[in-house]
Amino acid sequence: MATVTEKTRAEQTHPDVRSHGEVNADIMRMLSPPGTWWWVLFGLSIAGIGLLAFSWGNQLVRGIGLSGLNTPVGWGAYITTFVFWVGIAHSGTLISAILFLFRARWRQSIYRAAEAMTVFAVMTAGLFPLIHLGRAWHAYWLFPYPNERMLWPNFRSPLVWDVFAVTTYFTVSSLFFLMGLIPDIAAARDSAEKGTLRQKFYSLASVGWRGTDRQWHHFGKAYLYMAALATPLVLSVHSVVSWDFAMGIVPGWHATIFAPYFVAGAIFSGVAMVITILVPIRKVFGLQKYLTTRHFDAMAKLCLVTGIIVFYAYLNEFFMAWYSGEDPERRVFWNRLWGHYWWATWIMLICNGLIPVLLWFKRVRHSIAALFTISIFINIGMWFERFVIIVTSLSHEFMPFAWGVYRPTITEMGIVIGTFGWFFFWLLLFIRLLPPVAISELKEVLPPPMRPKQKTEASR
Amino acid sequence: MKKPWYIAMVAALAALGSLAFLQGQTVDEDVDTSDAAQVNIGPEGQPIAFPHNRHAGDLQLDCQFCHFSAERSSSAGIPPVATCMGCHTFVAGTERQEEVAKLRGFWERGEAIPWNRIYKVSDHVSFPHMRHVSAGLECQECHGPVEEIGVIQEVQQPLTMGWCLNCHIEQGATRDCTACHY
Amino acid sequence: MSEGIKRRDFLKVLGVSGAGAGLVGCSTDQVEKLIPYVTPPEEITPGVATWYSTVCGECPAACGVWVRTREGRAVKVEGNPHHPVSGGALCARGHASLQGLYNPDRLEGPVRRGEDGEFQPIAWDEAEALLSQHVQDAGSDFVFVTRKEGPALAGLIESVVESVGGSRVEYEALSEAPLREATRMAFGQDAVPTFRFEEADLIFSFGADFLETWLSPVEHARGFARSTGIDEAHEKARFVFLSPRLSLTGQNADEWVPLTAGSEGVVALAIAHALVQRGADGGPYSDLIEAYDAQAAANEAGIPAETIEELADAFQAASAPLAVGPGVAGQGANATATNLAVLILNAVAGSVGSTLHVTRSDLAAPATPYRELADVISRMAEGQVPAMVLHNVNPAYSLPPESGFRQALGQVGFSVAITPHLDETAALCDLVLPDAHTLESWGDSNPRPELWALRQPVMQPVPHFDSRSAGDVLVRLAGRLGEDLGAETFHDYLRNRWSDLHAELGSPGGSFDAFWREALRVGVVEVDAAPAQATAMQTPDRALTFDAPELEGDGMALVVYPSSRFGDGRGANKPWLQELPDPVTKLAWHSWVEIHPETAEELGVRRGDMVRVASPHGELEVPVYTYPGIRADTVAIAMGEGHENYGRYANGNGVNPMVLLPATVEEPSGTLAHLSVRVNLEPTGRRYSMASIEGSDQQYDRPIAPAVQLEELREGNIEEAGGYPTRQELQAIGGFVPITTEAEPQDFPLEGARYGDYEDSGSTPRWAMAIDLDKCTGCSACVTACQSENNVAFVGKDQLAMGRALQWIRLERYYEQIDSSQPGPVDIRFLPMLCQHCGNAPCEPVCPVYAAYHTPDGLNAQVYNRCVGTRYCANNCPYKVRVFNWYRFSEVPEPLNWQYNPDVTVRTEGIMEKCSFCVQRIRKSENQATLEGRTIGSNEVVPACQQSCPAEAIVFGNIRDPESRVYQVSNNDRTYRVLDVLINTQPAINYLRKVTFHPVESIHV
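Here the residue index of a chain counts from 1 through its sequence in written order. Working convention: letters from A go to chains and numbers from 1 go to ligands, in the order in which they are written. Only residues with pLDDT of 70 or above have their local features reported here, since the model is predicted, and side-chain atom pairs are shown and tallied only from 80 upward, although totals for entire chains, interfaces and linings are computed over all residues. For the side-chain quantities, the full set of heavy atoms in the structure was used; hydrogens and water were omitted.

Now for the overall build of chain B. Numbering of helices and strands starts at the N terminus; helices are DSSP runs of H or I of at least 4 residues and strands are runs of E of at least 2. Counting secondary structure elements, chain B contains nine helices and one strand. Seen in sequence order, chain B has helices and strands lined up from the N terminus as α-α-α-α-α-α-β-α-α-α. Summary of the burial criterion: residues with accessible area below 20% of their type's maximum are buried, those above 50% are exposed, and those between are partly exposed, where the area comes from a 1.4 Å probe applied to protein chains only. When burial is assessed residue by residue, chain B has 35% of its 182 residues classed as buried. Taking the intrachain contacts of chain B between residues at least 6 apart in sequence as the baseline, contacts between residues at least 24 apart amount to 64%. Each accessible area is a Shrake-Rupley estimate made with a 1.4 Å probe; only the visible protein chains count as cover when residues are assessed. Roughly 10300 Å² of accessible area belongs to chain B as shown, and the carbon and sulfur atoms make up 62% of that amount. Throughout, a residue-residue contact means that at least one pair of heavy atoms, one from each residue, lies within 4.5 Å.

This part covers the sheet that holds strand β19 (residues 451-455) of chain C. Strand pairing in a sheet relies on backbone hydrogen bonds, with the paired strands running either antiparallel or parallel. Residue and element names in this part refer to chain C. If you trace the three strands from one edge of the open sheet to the other, you get β18-β19-β20, paired in antiparallel fashion. Looking along the sheet, the strands with just one partner apiece sit at the ends: β18 (443-448) and β20 (525-526). Between any two strands, pairing holds if DSSP finds at least two bridges. The pairing of β19 with β20 spans two bridges and is classified as antiparallel. Among the inter-strand pairings, Trp-452 is bridged to a residue of β20, identified as Val-525. Contacts from helix α18 (residues 490-504) reach β18, β19 and β20, with the element oriented near 160° to β19. The convention used is that axes are lines fitted to C-alpha atoms, helices contributing only their stretch in contact, and that angles between N-to-C directions extend from 0 to 180 degrees.

Residues and elements named next belong to chain C. Here we have six strands rolled up into a closed barrel, ordered β21-β25-β22-β24-β23-β26, and mixed in their pairing. Taken pair by pair, the neighbouring strands of this sheet meet at an average axis angle of 45°, ignoring direction. Note that strand β22 (residues 593-595) and strand β24 (residues 618-626) share three bridges and pair parallel. Across the sheet, the residue bridging to Val-593 is Val-624, located in β24.

It is worth spelling out the pairing of strand β15 (residues 387-391) of chain C at this point. Residues and elements named next belong to chain C. Of all five residues in β15, five are buried; the element is thus mostly enclosed. Side chains of β15 alternate between two faces, with Ala-387, Val-389 and His-391 and Met-388 and Leu-390 buried alike. Pairing geometry for strand β7 (residues 143-146) and β15, over four bridges, is parallel. Residue pairing for β15: Thr-146 is matched across the bridge by His-391. Where β15 meets strand β16 (residues 414-419), five bridges bridge the pair, whose relative direction is parallel. Looking across to β16, one finds that Leu-390 is bridged to Ala-417.

With that out of the way, let us pick up the state of the cysteines. Here, the word disulfide means a covalent bond between the sulfur atoms of two cysteines. Residue and element names in this part refer to chain C. A pair of sulfur atoms, both from cysteines and within 2.5 Å, is called a disulfide here. This structure, assessed with the given rule, holds zero disulfides over all chains. Here Cys-776 stays unpaired: no disulfide links it, and the sulfur of Cys-949, its closest cysteine neighbor, is 6.6 Å away. Given the relative accessible area of 11%, Cys-776 is considered buried. Cys-843 forms no disulfide, and the closest cysteine sulfur to it belongs to Cys-877, at a distance of 6.3 Å. Overall, the relative accessible area of 6% leaves Cys-843 in the buried class.

Attention now goes to the packing of aromatic side chains. Stacked, tilted and edge-to-face are the three classes applied to pairs of Phe, Tyr and Trp rings, where Trp contributes its six-membered ring and a pair requires centres within 6.5 Å; stacked means planes under 30 degrees apart, edge-to-face means over 60, and tilted covers the rest. This structure, assessed with the given rule, holds 79 aromatic pairs over all chains. Consider the rings of C:Tyr292 and C:Phe546, whose centres lie 6.1 Å apart with planes at 70°: the pair is edge-to-face. With a gap of 254 residues between them, C:Tyr292 in the loop between α10 (286-290) and α11 (294-301) and C:Phe546 in the loop between β20 and β21 (556-561) connect regions that are remote in the sequence. Their ring planes at 70° and their centres at 4.8 Å tell us that C:Phe884 and C:Trp886 sit as a pair that is edge-to-face. Comparing C:Phe884 with C:Trp886 shows no difference in burial state: the two are buried. Cluster of aromatic residues (ring-pair linked, three or more members): A:Trp38, A:Trp39, A:Phe42, A:Phe120, A:Phe177, A:Trp422, A:Phe425, A:Trp426 and A:Phe430. Sitting over a ring, as applied to charges here, requires NZ of Lys or CZ of Arg to be within 6 Å of the ring centre and within 35 degrees of the ring normal. Here C:Arg245 stacks its cationic end above the ring of C:Tyr561, 3.5 Å away from the centre of that ring. Over the aromatic face of C:Trp516 sits the side chain of C:Arg495, whose NZ or CZ is 5.2 Å from the ring centroid.

Residue and element names in this part refer to chain A. Where helix α10 (residues 258-285) contacts helix α15 (residues 368-395), the two axes come as close as 8 Å, and the packing angle between them is 145°. The chirality of how α10 crosses α15 is left-handed. Its residues assigned to classes, the contact of α10 with α15 comprises 17 nonpolar, five polar and three charged. Handedness of each helix crossing follows the sense of rotation of the near helix against the far helix: counterclockwise by less than a right angle gives left-handed, clockwise gives right-handed. Gly is put with the polar residues, along with every residue not named as nonpolar or charged; the nonpolar set is Ala, Val, Leu, Ile, Met, Phe, Trp, Tyr, Cys and Pro, and the charged set is Asp, Glu, Lys and Arg.

A word on a negative patch on the surface. Candidates for patches are residues over 30% relative accessible area with no salt bridge; among them, like charges are joined within 9 Å and nonpolar side chains (Val, Leu, Ile, Met, Phe, Trp, Tyr) within 5 Å. Definition used for salt bridges: Asp or Glu carboxyl oxygen within 4 Å of a side-chain nitrogen of Lys or Arg. His is not counted, nor are the chain ends, whereas Lys and Arg count as positive and Asp and Glu as negative. Just so you know, the charge point we use is NZ for Lys, CZ for Arg, CG for Asp and CD for Glu. A cluster of acidic residues, C:Glu598, C:Glu601, C:Glu602 and C:Asp819, forms a negative patch on the protein surface. Relative to the assigned elements, C:Glu602 resides in helix α21 (residues 597-603).

Below, the structure written as structure tokens:
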């Protein structure tokens, strides 16, 4: 056995995984009763949800005025965080669908977590359009539904496109996620002891999966189709989100580059978030042999590519502003660099433009600690990117006399932080209840198990 | 064999869906127009049991004989006590004379009659009576068969936007929002 | 006025009903009551507004106004077009009088100070008995202090005071005594002259803020705009402002001569001197004039001597020059002399009789100068005043503490205040009688000999407050004192006086009843002007020093100027006025000290830093406003703020600059000298969050508020609209241009526009507006008028500081040229910015629920009840005219909500709102037109801003009709549309460029 593995070690994605049985055992171990650290984190995220509920409830009762928004800055931390979470939501589908179609084998052991992250991120992002409304209780007016007043939403408004884009994305990505889970849940079902609530839950969720050839056959096809269906969404959703801005005439928003710029940024931030989440999981659950430096190396490269695109977009924006010759356009970008919000802009430029340069170095890409740090910087940088685009543009528009300054308030901060609690609440539940690493697909990329007898024949 | 309860699930989903659709169909959920519904009358009913059927029905009085400003103002006008006394100084009423007595009481005390309001559109709706009267609309089309009702105690029509709009479309009247909302 | 009495009867009933109907726009759960009238008033139809003409009581100018009432509640004040003073226009303070009427801080009944020093409620009869008894006992020591009142009330007070042999003092914090005294000396007449700005072609103002508070602002603004606004013949009067600080009036000047504080007089004389040298006749003042040559004056004023020569040349060349000044802010120890100097200048230039008429008669109500009050104060302090009545005056606030009024008032045996609401003075009195508001009471006014007007109650007294009009109280007091006035009520007394007047006038209009009814209906009685009085100069009867006075202390000269919003401070408890950004500094709800940016740099302070301002007489802390329009050696603070006991909206806002001043009496006029100290500023190191609506005061060469030089205009060198290079370039290289930019407002809907219901467009009107920036004086009356008409809520200091002002009109002010270091042209551009009702509106396509859409008649509509509050429309509005209801700002304390206009939805929280072009007025006119079986007229609809504009700068109408005024006004070389060439919004508002005398950089529009 040793000899075989020595030879092929280089090509193998998971050289240290010895047998299929070992995979089951390791992954199932993750579903065993949680330790204290999990409860601590879970408690924290519950607290976060409490903060969210309180801040939002307070805002609903007393009015949106509790935010720091004003004229001219009508959008601020809420929309910023909305775009941030939608962006996070991107890598999941990218990794699971697109990389699946491209047969990138290294995706197998990370895509499950990425997909879960996607679903939860969309769930989080979906809150903000409600939170930022002046009259949230009328939000349903944005949906087209037959009503006696014969009133319909304005299909020319990018906000309505948003409603459709985000809901579609949520539907498809969650279906894709749940479907991919079926075989593994079945495995979990079989390993769970009979009669427990857990076992009932698994048997329900595994919708009678028995692993017959026929089922595998159908599963494979369906999965392929779902992947094909999900792929265009990766591009569409964030393009639509970017059009919320690009369709406006606000200097600093009204640019044709926005769609690709936002999509790249979304993948950039998404992959960074995957790294941020996987590193601790890997450590805690001792998944070193499933999540090898090879995986992180690949993700780091993805980061590097998208990061370069994003930084190009930054430069391009500044150039176009200058090239336009329009004072309003030019002054907005000048103001970004040197104006009231200079600090936000420089955080963005440093975190998204400068720091990722380190990823050129293999040593950095292979150092988990370094990657983790960098990924966190990227997350911060990407939040500020959206803040800069939204706030600095609005605060310095066409009428100089109406220029204004926006300062986020406690309530806004509470809600923004609270939504992190909401996100991690679901994520923590996920890694406890569902196999966070795709067992069956992992097996596909492992060397087939061989009996010693065959080995001797081979040596002859 | 788990088939049956799959079917059950699908059925349930379908049911929910159609329910949602019907919900959409029903008179809208908009809180703003629900004032009409809120306008109930107090436990005490009207201060005077004024029989519209007697005046508008039996006696064939024209609505605008009392609601004097309907044709020239956005508000139809509530008849001043003096208008009532125009007749009731002499007419003591056939049955229920105690009600007429109440009326005279108000007149002698120089008090206004605190009628309970029945018909009210939301505050963000402006309804110009004169436009509708001059367009030849019958009062009954909005206020119901007043000449048959005794003491008016509940709204005869939904007074919702859809209800207004239907008529406006049938009559080819404007559908511009700022015709009513400003 | 028999029906008048009847009206008040039924209004009594209505007053009660109002309480139910009071909460306009707030749906209530409990049963709503319908309260009909007992007896129908003939002039009232429910749902239809009734108008009453009366006289505004907010300042002594006494504009004639119309008050719109709905179901017996006053909801809007507008200028009375028949009245020569208001001419149909009104200032912000006039509009805000409604918030005096419905002010929640009004007294709910008479109160008396009990043993514990606290006020106790007391019955009216008891209170009046007390009053009469004390007045009786006081006898000849009785003192009655009042402000300048109409003839009838003044006469009544006079007779009451006489009946006990007491004395009457009239006190106005903003006193024109020096002007009056100077006029007496110069022309031998006890009068305040009338200034005809309309007829002038060159105006010198030596600091007089005649567009803000001086004498008769609305009337002056109209005349000023008519003369300085460019006309068809391309003629335009020139305006030079000579003062250490640019007031709003000064900001409208074409040239600014920043002379040292107090040197106005010598400069005026020097100009006169130069005129005499050029052959003018100095009259009896020739010798005096001789003494002041240009060089000496220039040295004293800190300006080059050439300037004085140039000014003299201009003044001589002008056919109808006019010099005015110095106004209250410039009243130093030489106030009378300065006024006299300006009158001499006018006389030498021959303006007297043409642009200046010595006819204004205030004899009916002489505003006695401060000196007399000062005497009273000293008598009070010595305890020689057993009883005194203070009627609608607030010396405890508006006098410098050094006058000792507060302490002296404590020595008065029995002090009575007759005032609608508690103020600093009333709070110190023993008995306070709630006066009826001017809109609730009878009265009259006689601003000029040929002009009489009646004040009538426009509604039953607001039921929340048990008030009685001072007139009625005094009539009864006179009765108790045994004085027979032959009248039971003040109404009767007034009628008696007017029947005498009627007789004097030779019974115009037949019977007195007819005359009276007509006077009430029209609101003004014009009689033959008094025979022209001699206006020959007389030799001065006493020597005066014209030189700039020595200012006490060291440091920078302190200018204490009257606020254009609060006057002497009496308007401070009206939220509309507090919320109205000051026209000069654009700050609201607090005070500031204006210092020149260079001075600020020397002091090491920035805008918004707290500084301690110390004079020899007192000190205060106030934030800095760096203002390029003030001399570097001068600082200025506005009067009116800093109340301690004037109501919830006034208390604690800002500072009262009077604490810095000594109680110096200027001789000979006897007024209080405002310009008398120097102050030192020292930084406190603390910051203050200023409530400002100002982002930047620069245009950055954007097509916002361009101007054109007069010569260029005459030669027709004014670049065509749409000549914006970038766009042309775009088109040239086949770039994407959405919709043709050559369209005019009347081309509507634009092809490709998809919003609104346009089946029959073409037949529908296109509502549009034209604003002449050469006329606009930036007075901001339109802002408050709009607020009053459209139920626009006020938000308060903190919200405003956050940038959440709700006003639908933002009066933008851009500095083009302003230099306080030497005389020269000043160019400040005002731009009333309201919803442009774009034909290609960026706000419409982005609204997800069609709350913002276009109506068939070209309005950019906002459907409040459909709005969900995404604020996308506001983000996408390039003009930033959309404002958002962040909280339930519309919930105001009773009975302020009584003012709400029943024709307009009251907005709740979470809703976007903006200028609607007064759509409610359009719909009302349409309804009326339909009833009368006609189509709506092109000039029929007058929005609140146009109605109120004293400068007549705004015109509204159907621009599709070539006959309409808006079309004709827009058909002008100066017409342009803000930002249109940049973003192709196709606004419905045409602006007409300002016209300057100096060359201007051309901005492509």
